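One-letter residues, chain by chain:
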Amino acid sequence: MTKINYILSFCLALMLASCTNDDYMLYDGEARLQFGPPTNYIYSTNYQLNDSLKSYTFVYEPVSKLQDTVFFDLYTMGKVSDTDRAFKLRQVTIPGAENAVAGVHFKSFDDATLQKHYIVKAGKAYVRVPVIVLRDVTLKSKIYALKLEVIENEFFKLGEKIKIWRKVNIADRLIRPNSWTSSVESYYWGKYSYVKHDWMVKQTGEKWDDTFIAPIMADYAEITFWKAKLAKMLSDYNKVPTNPGVPLTDEFGELVKF
C-alpha cells in the first residue's frame with residue numbers, strides 16, 4: 001500500500017470513529033431515553049429527520065382557544081422496567097432566535113400538572129410527550145422557537161446526541177409548513193412567502209399546513225393538479241385590476257409565481 005493510501009485509510013477510519021462517537025451509540029445495557037418518529041414511521045429515516053421540528057399556529061383556531069398540545073414520541077433503550085419511570089425535559093436557548101418564554105408561549109416543563117404525563121409506564125418502552133403551547137398576543141407578530149431536550153436522571157441516561165432534542169415553532173399567524181421544503185420550493189410551489197401562503201389559503205379555502213400538504217406530496221397526480229390549478233387561479237386573479245396587489249407581489253417585493 002502506498003503512503004497516500006495509508007493516509008486516506010487513516011482519515012476514513014478517523015471520520016467513521018468520529019461519527020460513531022458523536023452521533024450514534026452502541027447498546028451498553030443501561031436505560032437510556034431518546035426521541036423518535038411516531039411508531040408507524042419508526043423505520044423511515046426521512047420522517048425521523050422531519051419529526052425533529054414541528055410548527056404550530058393558532059391562526060386557524062377560534063379566539064376562545066388559548067392553548068393546545070403538540071406531541072413528540074419518546075423511546076427507551078435497554079430493558080423495560082416493572083415500575084413506572086419518570087423523565088424530565090428542559091428548554092434549550094437557541095442563540096439568535098426568538099425563544100419561547102415559559103408561562104407565556106408554553107407551559108413550563110416543571111409545571112405540576114404535566115408531571116403525570118412525563119412518565120414511562122411499567123412494562124413500556126414508549127410514551128407520547130405532550131408540549132402545551134399557549135396563545136399570547138406576541139404570537140401575532142413573531143414566530144417563537146421552543147427547543148426542548150431530555151435531562152439525565154436517576155432512571156435514564158441520555159440516548160444519541162442527535163435524538164435527545166426536539167423543536168417547536170409557535171405562532172398565531174401563518175407559518176411556513178415543514179412540508180414546504182427547499183425541494184418543494186424549487187419544483188412545485190415556488191418561493192415561500194407570507195403573502196403567497198395567505199393568498200393560497202384565501203383562494204382555495206384550504207389551510208395549506210402540514211396536514212394538508214403532506215398527503216399531496218405523496219401523490220404525483222395531486223401535485224400536478226394543484227400546481228396547475230394554483231397557476232391558473234393566480235393568472236385569473238392578476239387579470240382583475242381591482243384585486244389587492246395586482247399583479248400579486250409578496251413582502252419581498254417580488255412577483256408571486258408558481
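Residues numbered from 1 in each chain as written. Predicted model: local features only at pLDDT ≥ 70, side-chain atom pairs only at ≥ 80, totals over all residues. Heavy atoms only, no water.

A. Highlighting the nonpolar core. The biggest cluster of nonpolar side chains holds 29 residues, and the ones touching the most others in it are Leu-74, Phe-87, Leu-89, Phe-109, Leu-146 and Leu-148. It is strand E7 (residues 126-134) that contributes the most residues to this core, six residues altogether. Core analysis: the next-biggest nonpolar cluster, separate from the first, contains 20 residues, Trp-180, Met-233, Leu-234 and Tyr-237 among them. (Core = buried A, V, L, I, M, F, W, Y, C linked by side-chain atoms within 4.5 Å. Buried < 20%, exposed > 50% of the residue type's maximum accessible area, 1.4 Å probe, protein only. Helix = DSSP H or I, 4+ residues; strand = E, 2+ residues; numbered from the N terminus.)

B. Quick look at the packing of helix H5 (residues 210-217) against helix H6 (residues 220-238). Interaxial distance between H5 and H6 falls to 6 Å at its minimum, and their mutual angle equals 115°. Contacts between H5 and H6 involve Phe-212, Ile-216 and Met-217 from the first element and Glu-222, Ile-223 and Trp-226 from the second. Along the lines of polarity and charge, the residues of the contact of H5 with H6 split into five nonpolar, no polar and one charged. (Axes fitted to C-alpha atoms, helices over the stretch in contact; angles between N-to-C directions. Contact = heavy atoms within 4.5 Å. Nonpolar A, V, L, I, M, F, W, Y, C, P; charged D, E, K, R; others polar.)

C. Spotlight on the packing of helix H3 (residues 182-189) against H6. As a packed pair, H3 and H6 sit with axes 11 Å apart at the nearest point and diverge in direction by 65°. Touching Tyr-187, Tyr-188 and Trp-189 of H3 are Ile-223, Trp-226, Lys-227 and Leu-230, all from H6. A class-by-class count of the residues in the contact of H3 with H6 yields six nonpolar, no polar and one charged.

D. Fine view of the pattern of salt bridges. According to the stated counting rule, one finds 14 salt bridges in the structure shown. Across the pair Arg-32 and Glu-30 runs a salt bridge whose closest N-O atoms are separated by 3.3 Å. For the salt bridge of Lys-232 with Asp-236, the shortest nitrogen-to-oxygen distance reads 2.7 Å. Linking Lys-232 with Asp-236, this pair stays in helix H6, spanning four residues, or about one helical turn. Residues joined by salt bridges that share partners form a network here, namely Glu-61, Lys-65 and Asp-68. (Salt bridge = Lys/Arg side-chain N within 4 Å of Asp/Glu carboxyl O.)

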